[in-house]
Amino acid sequence: MAFLGLIFNALVWGLSWWPFRQFQSAGLHPLWATVCFYTLSWLVILVARRQAWRELLATPSLWVVMLAAGTTNTFFNWGVATGDVVRVVLLFYLMPLWAVLLARLLLGEHLTRLAVLRMVLALGGAAAVLGPAQGGLPLPASLPDWLGVLGGMAFALNNVMLRREAGRSPEARALAMFSGGVVVSALAAALMASQGLAPWPALASPVWLLPLAGMALLFFLSNLSLQYGAARLPANITAIVMLCEVPFAAISSLAWGGGTLGARTAVGGLCIVGAALLAALERRQG
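A brief structural summary. (Residues numbered from 1 in each chain as written. Predicted model: local features only at pLDDT ≥ 70, side-chain atom pairs only at ≥ 80, totals over all residues. Heavy atoms only, no water.)

1. Side note on the packing of helix 7 (residues 95–107) against helix 9 (residues 143–164)
Closest axis-to-axis distance for the helix 7/helix 9 pair is 8 Å, and the angle between their directions is 40°. In terms of orientation, helix 7 lies oblique with respect to helix 9. Note that helix 7 runs across helix 9; the crossing there is right-handed. Side by side, helix 7 and helix 9 meet where Met95, Trp98, Ala99, Leu102, Ala103, Leu106 and Leu107 of the first sit next to Val149, Gly152, Met153, Phe155, Ala156, Leu157, Asn159, Val160, Met161, Arg163 and Arg164 of the second. In the contact of helix 7 with helix 9, the residues fall into 14 nonpolar, two polar and two charged. (Axes fitted to C-alpha atoms, helices over the stretch in contact; angles between N-to-C directions. Helix = DSSP H or I, 4+ residues; strand = E, 2+ residues; numbered from the N terminus. Parallel < 35°, antiparallel > 145°, perpendicular 65-115°, else oblique. Left-handed = near helix turned anticlockwise from the far one by under 90°. Contact = heavy atoms within 4.5 Å. Nonpolar A, V, L, I, M, F, W, Y, C, P; charged D, E, K, R; others polar.)

Below is the structure:
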């Protein structure tokens, strides 16, 4: 059941690009959709674990977790809703590269040979994915590319900070993450809307409220499944199973017209996934 819970979470996230695009076509920007999807989870933990709110307010380091988690969801959801899903997901999973650097900076961890190897693999994979066909520097070429890269950085910061704050209650850490998903996305969406860069929240028809509520429930169940599985399986197994999100996203986007997969992207993707697998192996050895 723990394994299936993690698979379910990876499946929901791997396929999430499709409903985001459907809601966008109905008039709801991906950032506003993110707010709606996370509000249910946020309200449930807020009501069920009221003491977590006091702990969150009294712990500035958890505010960093809130900011990092919110930025992760804001950038990832926006990226997969508007760009090539395969590229965005692969660039997001450069996370092991940023985790090495942040762990060294924030936790004082030493660089191991495996850490250096996964950094090289991740950088090589990024160069292959981002390298222009006509030559030139391998830099993000579009807003979705940047959203994937920056979302992965925020995800790495989120994970490192969760390790640093392992002594805090699970409820307070979860509240920080869900609060980020609501607050950061809402602030970003409102700022963009005020500048005319994105529409204010609206749906083409009230009929869309039902699937919107359904997606909020699905995200809530996905988060419960992740917490259930991660609490019962070794951390390295959890990390490996979560990588199932990559093939779920790639296969669905190729089948439903959400992305493309050329030879360079495929090779780069293998390198990036290999770096993530090495990160799980290093965690097991530690």
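2. Here we look at the nonpolar core
Judged by nonpolar contacts, the single largest core of 69 residues is most densely connected at Phe37, Val89, Tyr93, Leu94 and Phe219. In this view, leucine 94 contacts Ala122, Ala126 and Ile272; residues no more than four positions away in its chain are not counted. (Core = buried A, V, L, I, M, F, W, Y, C linked by side-chain atoms within 4.5 Å. Buried < 20%, exposed > 50% of the residue type's maximum accessible area, 1.4 Å probe, protein only.)

3. Quick word on the pattern of salt bridges
This model, assessed by the stated rule, comprises four salt bridges. Two residues, arginine 49 and glutamate 171, come together in a salt bridge whose shortest N-O distance is 3.6 Å. With arginine 49 in the loop between helix 3 (30–48) and helix 4 (50–57) and glutamate 171 in helix 10 (residues 170–194), the pair connects residues that are 122 residues apart, well separated along the chain. A relative accessible area of 26% means that glutamate 171 is categorised as partly exposed. A salt bridge links aspartate 145 to arginine 87; the nearest nitrogen and oxygen atoms lie 2.5 Å apart. Remark: arginine 87 occurs in helix 6 (residues 85–92) and aspartate 145 occurs in helix 9; sequence separation between them is 58 residues. For the pair formed by aspartate 145 and arginine 87, the shared burial category is buried. Residues joined by salt bridges that share partners form a network here, namely Arg164, Glu165 and Arg168. (Salt bridge = Lys/Arg side-chain N within 4 Å of Asp/Glu carboxyl O.)

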